[in-house]
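In case you want the letters, here they are:
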Amino acid sequence: MKRSLLAAGAALLFAAAPALAQDVPANRLLRVVPNADLQTLDPVNTTAGVVQSHAHMVYDQLFGRDAQQRPQPQMVEAFTTSPDGLAWRFTLRPGLVFHDGAPVTAEDAVASLRRWAARDPHGRQIMAITESLAAEADGRSFAWRLRRPYALMLDALSKPAGNMPAIMPARIAATDPFTNITDTTGSGPFVFDRPGWIPGSRVVYRRNPAYAPRTEAASGTAGGKRVHVDRVEWLNIANAQTAALALAQGEVDFVETPGTDFLPMLQRRGMRIERINRLGFQGMIRMNHLHPPFSDPRARQALIYLADQNDYLQAMFPDPSLYQVCHAFFVCGSPQESDAGVPQGIGRNMERARQLIRESGYDGRPIVIMDPTDNPFMHAATLVLAQQLQQAGMRVDVQAMDFATMATRRPNRRHPSEGGWDFGLTFWNGLGASDPVGNVPMQASCERAWPGWPCDAGHQALIDAFPYAASAEERQRILTQLHESAYRVVPYLPFGQWFLPVAYRPQLSGVLGMPGIIILWNIEKAAR
């Protein structure tokens, strides 16, 4: 009975949808279920993965990342750097235009980079050593002069996730970087259809007929972004079983995070199940550093001893092949993987956890935990955390909400009893987490840090030193010290690494992979 009711619900969900796209042939319409609802539109002012996936639809970047994570020119036609690494010059491809028909100029690029740099860890580092950044008279070129070389310049400009260096019109880029933009005019391969956007239900994109892709083959976010459909609809289907049935019945074409319980059924129904994210995702127990008890490092260190990753991962996923225990802050399988500073007894010493909580001065107040109930595996992990905190002697207040609401509440700095929070579990794509500078939750820059606001000058100094290492040996030394510092400061605590596949109908071809985002150009849909 439950299955038939869900199937009926899925049918009702899509009953009115064909009328919205009745002029679009079936093989030119792509229906997608992303991993969360799109509620904000600013790729600079948030790190939410669904917003970055949205941003790649409507914006372009100066550089993309190929499948091997190598920076490649995208909007840039040519670039040069001086032998000392201090002077950079970039020239845009000719013929780039925004969705409103205005040409993309070097001034747009400069304004966009300045706005991005105010929020992004790489960007802040680069601007701190910037002598000048200005457009040139030809309108297509701009020069960037540094006071010291920055080895990760192209890595920063090609970031596919986190705070994304999206190029937008200068008039929009003039928006305060801490204020969400509402105008989504970009120059990317799709146009955001504002009348079709119904928060909580549907997002609509149209093919940008004026977009001129590069000539190279598509790879990651690099190469030619060729669009083979006329319309893309993102449908917010929070129930995993409903989404799986919709895919199996042909009512949607692509599900970004299919419920793991339904993968065997989807395989039997001929759906393609593919792991396109090689570094997977890192789970993060994020605590609020502003208020007691977690303003005291001893309370944060207590989590090291009470949080057994096996408990979280087994509660989240039925299949052990989908996950692994990983205590490396910069994720297992990356060049930055490290076990430096990992304490003995991690996840298995409840008495030590209780001792540290007592020493932190915990007064028995309820610990507020935000619980994203619309995300099944994050909800399961949140309940495990609540149970472990109770075992350690803490009172907990688990507050249910959807993931999008949690993301909007997260910047609230007020005391947990006044609408703030103590814990909010999240997850980060492995590529972003593996970057010692780009791992945003690793930053300990106080009021400028990601919500949770870690504040430790010594820890931040190690992050800031990483791009300036004079040799591979020095970079490894800094990396080791940073990993040891992370287990002292505890900006967050990893609770495992997992590798979720996407699921899509066999009529689709050309699906590309990039950690942390979904790529919907290059996809072709065969007629049934």
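Below you will find a few notes about this structure. (Residues numbered from 1 in each chain as written. Predicted model: local features only at pLDDT ≥ 70, side-chain atom pairs only at ≥ 80, totals over all residues. Heavy atoms only, no water.)

Here we come to the overall build of the protein chain. Assigned secondary structure in the protein chain consists of 17 helices and 21 strands. Here the C-alpha radius of gyration of the protein chain, 23 Å, is about what a compact globule of 528 residues would show, namely 24 Å. Dimensions of the protein chain, computed from the C-alpha atoms along their principal axes, are close to 70 × 65 × 40 Å. Residues counted as buried form 60% of the 528 residues belonging to the protein chain. Expressed as a percentage of contacts within the protein chain between residues at least 6 apart in sequence, the contacts between residues at least 24 apart total 72%. Total accessible area computed for the protein chain in this model is approximately 19900 Å², and 51% of it derives from carbon and sulfur atoms. (Helix = DSSP H or I, 4+ residues; strand = E, 2+ residues; numbered from the N terminus. Rg over C-alpha atoms; globule rule 2.2 N^0.38 Å. Buried < 20%, exposed > 50% of the residue type's maximum accessible area, 1.4 Å probe, protein only. Contact = heavy atoms within 4.5 Å. Areas by Shrake-Rupley, 256 points an atom, 1.4 Å probe, with all protein chains shown as cover.)

A few words now on the nonpolar core. Formed by 102 residues in total, the largest nonpolar core has its most connected members in Leu62, Phe142, Trp144, Ile285, Tyr312, Phe423 and Trp498. For this core, the leading source of residues is helix 13 (residues 376–391), giving 8 residues. The residues touching Trp144, leaving out its near neighbours within four places in the chain, are Leu86, Ala87, Trp88, Phe90, Leu113, Ile126, Met127, Thr130, Ser132, Leu133, Met153 and Leu157. (Core = buried A, V, L, I, M, F, W, Y, C linked by side-chain atoms within 4.5 Å.)

Here we come to helix 12 (residues 350–359). All of the buried residues in helix 12 are Met350, Ala353, Leu356 and Ile357. Summarising the axial view, the buried residues of helix 12 lie within an arc of 120°, below the 170-degree limit, and thus occupy one face. The exposed residues of helix 12 that point more than 90 degrees off its buried face are Glu351 and Arg358. For helix 12, the elements touching its buried residues are helix 10 (297–306) and helix 13. Backbone geometry just after helix 12 places Gly361 at a positive phi near 85°. (Arc of directions from axis to C-beta.)

Before going further, it helps to spend a moment on the packing of helix 10 against helix 17 (residues 472–489). Helix packing for two helices is described by the angle between their axes and how far apart those axes are. At a minimum axis separation of 7 Å, helix 10 and helix 17 run at an interaxial angle of 105°. In terms of orientation, helix 10 and helix 17 fall into the roughly perpendicular class. Seen from helix 10, the contacting residues are Pro297, Arg300, Gln301 and Ile304; seen from helix 17, they are Tyr487, Arg488 and Val489. Classifying every residue of the contact of helix 10 with helix 17 gives 4 nonpolar, 1 polar and 2 charged. (Axes fitted to C-alpha atoms, helices over the stretch in contact; angles between N-to-C directions. Parallel < 35°, antiparallel > 145°, perpendicular 65-115°, else oblique. Nonpolar A, V, L, I, M, F, W, Y, C, P; charged D, E, K, R; others polar.)

Attention now moves to the pairing of strand 13 (residues 281–287). Burial analysis of strand 13 places 7 of its 7 residues in the buried class, which makes it a mostly covered element. A two-sided burial pattern is seen for strand 13, the buried positions comprising Phe281, Gly283, Ile285 and Met287 on one face and Gln282, Met284 and Arg286 on the other.

This part covers the side chain of Asp66. Position of Asp66 relative to the elements: it lies in the loop between strand 2 (63–65) and strand 3 (71–73). For Asp66, a relative accessible area of 4% corresponds to the buried category. A polar contact of 2.9 Å, which involves the side chain of Asp66, links it to the backbone nitrogen of Gln68. Separated by 3.1 Å, the side chains of Asp66 and Gln72 make a polar contact. Setting aside chain neighbours within four positions, we find Asp66 in contact with Gln72, Ser219, Gly220, Ala222 and Met514. (Polar contact = N/O pair within 3.5 Å; in protein donor to acceptor, adjacent residues only side chain to side chain.)

Moving on, we get to the sheet that holds strand 17 (residues 423–429). Read across the open sheet, the 6 strands follow the order 14-18-13-17-15-16; overall the sheet is mixed. On the outer flanks of this sheet lie strand 14 (323–324) and strand 16 (396–401), each paired with one strand and no other. Pairing of strand 15 (residues 367–372) with strand 16, which is carried by 6 bridges, proceeds in the parallel orientation. Bridging across to strand 16, Ile367 finds its partner in Val396. Lying on the sheet, helix 10 is in contact with strand 13, strand 17 and strand 18 (493–498); it crosses strand 13 at an angle near 140°. Against the sheet, helix 11 (residues 309–316) touches strand 13, strand 14, strand 17 and strand 18, its axis set at about 40° to strand 18. (Pairing = 2+ DSSP bridges.)

Once that is clear, we can look at the sheet that holds strand 5 (residues 87–92). The strand order 4-5-7-6 describes an open sheet built from 4 strands, whose pairing is antiparallel. Bordering the open sheet on either side are strand 4 (76–81) and strand 6 (130–135), each of which pairs with just one other strand. For this sheet, the mean angle separating the axes of adjacent strands, direction not counted, is 10°. As paired elements, strand 6 and strand 7 (residues 141–146) share 5 bridges and run antiparallel to each other. Looking across to strand 7, one finds that Ala135 is bridged to Phe142. Docked against the sheet, helix 4 (residues 106–117) engages strand 5, strand 6 and strand 7, running at close to 145° with respect to strand 6.

As a packed pair, helix 10 and helix 12 sit with axes 8 Å apart at the nearest point and diverge in direction by 170°. With respect to helix 12, the axis of helix 10 lies roughly antiparallel. Between helix 10, through Arg298, Ala299, Gln301, Ala302, Tyr305 and Leu306, and helix 12, the contact on the second element is made entirely by Met350, Arg352, Ala353, Leu356, Ile357 and Glu359. Residues of the contact of helix 10 with helix 12, tallied by class, amount to 8 nonpolar, 1 polar and 3 charged.

Bringing the packing of aromatic side chains into the picture now. A complete count under the given rule lists 25 aromatic pairs for this structure. Between the aromatic rings of Trp88 and Phe90, the centroid separation amounts to 5.9 Å while the plane-to-plane angle is 5°, which identifies the pairing as stacked. For the pair formed by Trp88 and Phe90, the shared burial category is buried. With 6.2 Å between their ring centres and 40° between their planes, Trp421 and Trp453 make a pair best called tilted. Placement of Trp421 in the loop between helix 14 (403–409) and strand 17 and of Trp453 in the loop between helix 15 (430–433) and helix 16 (457–465) is noted, with a sequence separation of 32 residues between them. Of the two residues, Trp421 and Trp453, neither departs from the other in class, the shared state being buried. (Phe/Tyr/Trp six-rings, centres within 6.5 Å; stacked < 30°, edge-to-face > 60°.)

Turning next to the state of the cysteines. For the structure shown, the criterion picks out 2 disulfides. Put simply, Cys326 and Cys332 are joined by a disulfide, and their sulfur atoms are 2.2 Å apart. As the torsion about the S-S bond is roughly 100°, the Cys326-Cys332 disulfide counts as right-handed. Grouping residues by exposure puts Cys326 and Cys332 together as buried. Here the disulfide map of the protein chain reads 1-2, 3-4, the bonded cysteines being numbered as they appear in the sequence. (Disulfide = S-S within 2.5 Å.)

Limitation: the analysis is restricted to geometry and does not speak to function.
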